[in-house]
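# Overview (structure and organization)
Now for the letters of each chain:
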Amino acid sequence: MHASAASMSRLRRLAVSDRVELRAVRLPDAPELFAAVDASRGSLGRWLPWVDGTRSLSDTRDFIRVSAADHGAGASVQMCIREGGTLVGMVGLGPVDWANRRAWLGYWLAEGARGRGIMTESARALARHAIGELGLNRVDLVCAADNLPSRAVAERLGFELEGTSREAMFVRGRCLDVVTYAALARRWRCGGAGAEAR
C-alpha cells in the first residue's frame, strides 16, 4: 500500500472547530445517517443521484460497509460531520488516484444545518488534510451546474472553476450539466485556494 494511502486508512477524526468535527463513518452511525438523509431527501435528491437509492436503513448499512472497506484499503474516506455531537452531513475524499496524487471531494449537509458555514469549514479541513498531510497535488470537486449552494462552497474554498460537462449526470429524470472545480497544491500553499484558512 502507498504510504499516504496507509496514512489515510488510519484517519478517524479531524477537528473543524470547537463544535464541529469530522469522524470516519462507522456502522453504529447508520440509524442517524439514514435519518439525516431521509429528513432532507427532497433537497438532496434534487442534485445527488444516490439519494433515491437510499430507501432504508439497510441501504445505509451497505453504504457504510463499502465505505469502511475502501477506507481500510486507503482508497477513500467518508466522514460524518458532527455539530455538538449530532450528525448533520458528510464530507468525503475519493476515489484517490495515488499514482497521480489526485482525489475527488464530495459533501452534503442536512437542511437544518445549512447557512452557518459548517460545510465550508468541514470541506476546507478535509481538503487541507488531503494536500498538507496526504501529499495530494490536486483535489477535484464536481457538482450540478445549477446547484448554487454547492458551487458557493467550492468558490469560498478558493477552488477554481475549470469547465462544464454538458448533461453529464442523470437525476430524477433530468440530464444535468456538471461543473468541475479544482484546487492545486502549489496554489494552496502559495495563498491561493484555501488561503482564508490560514
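Residues numbered from 1 in each chain as written. Predicted model: local features only at pLDDT ≥ 70, side-chain atom pairs only at ≥ 80, totals over all residues. Heavy atoms only, no water.

### Side note on the nonpolar core
- Judged by nonpolar contacts, the single largest core of 42 residues is most densely connected at Ile81, Val91, Leu93, Leu105, Leu126 and Phe159.
- Tallying contributions element by element places helix H5 (residues 118–132) first for this core, with 8 residues.
- Listed in part, the 12 residues of the second largest apolar core include Leu33, Ala36, Ile64 and Trp108. (Core = buried A, V, L, I, M, F, W, Y, C linked by side-chain atoms within 4.5 Å. Buried < 20%, exposed > 50% of the residue type's maximum accessible area, 1.4 Å probe, protein only. Helix = DSSP H or I, 4+ residues; strand = E, 2+ residues; numbered from the N terminus.)

### Focus: the environment of Leu141
- Residue placement: Leu141 occurs in strand E6 (residues 138–144).
- Owing to a relative accessible area of 0%, Leu141 belongs among the buried residues under this scheme.
- Placed 34 residues apart in sequence, Leu141 and Tyr107 show a C-alpha to C-alpha distance of 9.3 Å.
- Setting aside residues up to four positions removed in sequence, Leu141 forms contacts with Leu105, Tyr107, Ala154, Phe159, Val179, Thr180 and Tyr181. (Contact = heavy atoms within 4.5 Å.)

### What about the pairing of E6?
- The buried count for E6 comes to 6 of 7 residues, which makes it a mostly enclosed element.
- For strand E5 (residues 102–109) and E6, the ladder comprises 4 bridges, and the chain directions are parallel. In the sheet register, Arg102 faces E6, and the bridge partner there is Arg138.
- Crossover E5 to E6 through H5 is right-handed.
- In this structure, E6 lies alongside strand E8 (residues 174–184), joined through 7 bridges in antiparallel fashion. (Pairing = 2+ DSSP bridges. Right-handed = clockwise from strand over helix to strand, strands pointing away.)

### Quick word on the pattern of salt bridges
- Under the counting rule described, the total for this entry stands at 14 salt bridges.
- Between Arg55 and Asp52 there is a salt bridge whose closest N-O contact spans 3.9 Å.
- Residue class for Arg55 comes out exposed when judged on its relative accessible area of 53%.
- The network of salt bridges with common partners includes Arg102, Arg138, Asp140 and Glu162. (Salt bridge = Lys/Arg side-chain N within 4 Å of Asp/Glu carboxyl O.)

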